[in-house]
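Architecture and fold: a report
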Amino acid sequence: MGKPFPFKFDRRHIFNYQTKLILGSEAKKERSLNLAIFYASGNHVTIPVAKYDGILPFYWNQMEPNSTITPAMDENAYLRQEMSSINGFNMSDNFRIDIGYSLLKRKKKYNKEFSFSIYNVLNRQNPFLVFYDKGKWKQLSLLPMVPSVKWRVFF
């Protein structure tokens, strides 16, 4: 009790950069190239560091096996985990580059825009969470390289 611990979202380094380069601009249309760079140091998480058997509940083996009240015996019923200190593990850093191209056409009463972009151009497997499975530490990553097409009409 009373010991300080790092807050989950305490990221020491965050860098965001966005730019838009207008390739050509005329009265009726505009072409642009977009670039976004994102970097952040890893999140702090609490992870299991050890696993051990607990004590079976009293009279567990004497219950009826097909009873609807009593759950079937499962290894998770008595397995326990020892956890690291609160937010004591630091995940790896996040780094991502996004690029896009837009073509805007201006009409008298409305405008049309067509955009093509690629999220995570480097296809970097940024960590979302880490877990221990079958004797190995594994990392779950979301959203690899994702292309996107957008067409919008606005007044």
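None of these values were measured; they are calculated from a predicted model. (Residues numbered from 1 in each chain as written. Predicted model: local features only at pLDDT ≥ 70, side-chain atom pairs only at ≥ 80, totals over all residues. Heavy atoms only, no water.)

Right, let's get into the sheet that holds strand β7 (residues 94-106). Strand order in this open sheet of five strands is β1-β2-β7-β8-β11, and the pairing throughout is antiparallel. Of all the strands in the sheet, just β1 (14-25) and β11 (146-154) have a single pairing partner and so form its edges. Averaged over all adjacent pairs, the angle separating strand axes in this sheet is 15°, with direction ignored. Looking at chain direction, strand β8 (residues 111-119) and β11 are connected through nine bridges and run antiparallel. The residue of β11 that forms the bridge with glutamate 113 is arginine 152. (Pairing = 2+ DSSP bridges. Helix = DSSP H or I, 4+ residues; strand = E, 2+ residues; numbered from the N terminus. Axes fitted to C-alpha atoms, helices over the stretch in contact; angles between N-to-C directions.)

This part takes up the side chain of serine 102. Looking at the secondary structure, you find serine 102 in strand β7. Engagement of the side chain of serine 102 in a polar contact is seen with the side chain of serine 115, the distance being 3.1 Å. Setting aside residues no more than four positions away along its own chain, serine 102 makes contact with Glu30, Arg31, Ser32, Asn34, Glu113, Phe114 and Ser115. (Polar contact = N/O pair within 3.5 Å; in protein donor to acceptor, adjacent residues only side chain to side chain. Contact = heavy atoms within 4.5 Å.)

As a further point, take the layout of surface pockets. Estimates place the volume of the largest pocket at around 350 Å³. Lining the largest pocket are 19 residues, and of these Asn94, Tyr119, Asn126, Pro127 and Phe128 lie nearest its centre. Mapped by element, the contributors of at least two residues to the lining of the largest pocket are β7 and β9 (127-133). The element best represented in the lining of the largest pocket is β7, accounting for three residues. Residue classes in the lining of the largest pocket are distributed as 10 nonpolar, six polar and three charged. (1 Å grid on protein atoms, 1.4 Å probe; cavity = no way out; pocket = protein on both sides within 12 Å on 5 of 7 lines; lining within 4 Å. Points joined across faces, edges and corners; volume = space filled by probe spheres on them. Nonpolar A, V, L, I, M, F, W, Y, C, P; charged D, E, K, R; others polar.)

This paragraph deals with the pairing of β9. Of the pairings in the sheet, the one linking β9 to strand β10 (residues 136-141) comprises six bridges and is antiparallel in character. What sits directly across from leucine 129, in β10, is leucine 140. With antiparallel pairing between neighbouring strands as the criterion, β9 and β10 make up a hairpin whose turn holds two residues, including lysine 134 at a positive phi of roughly 50°.

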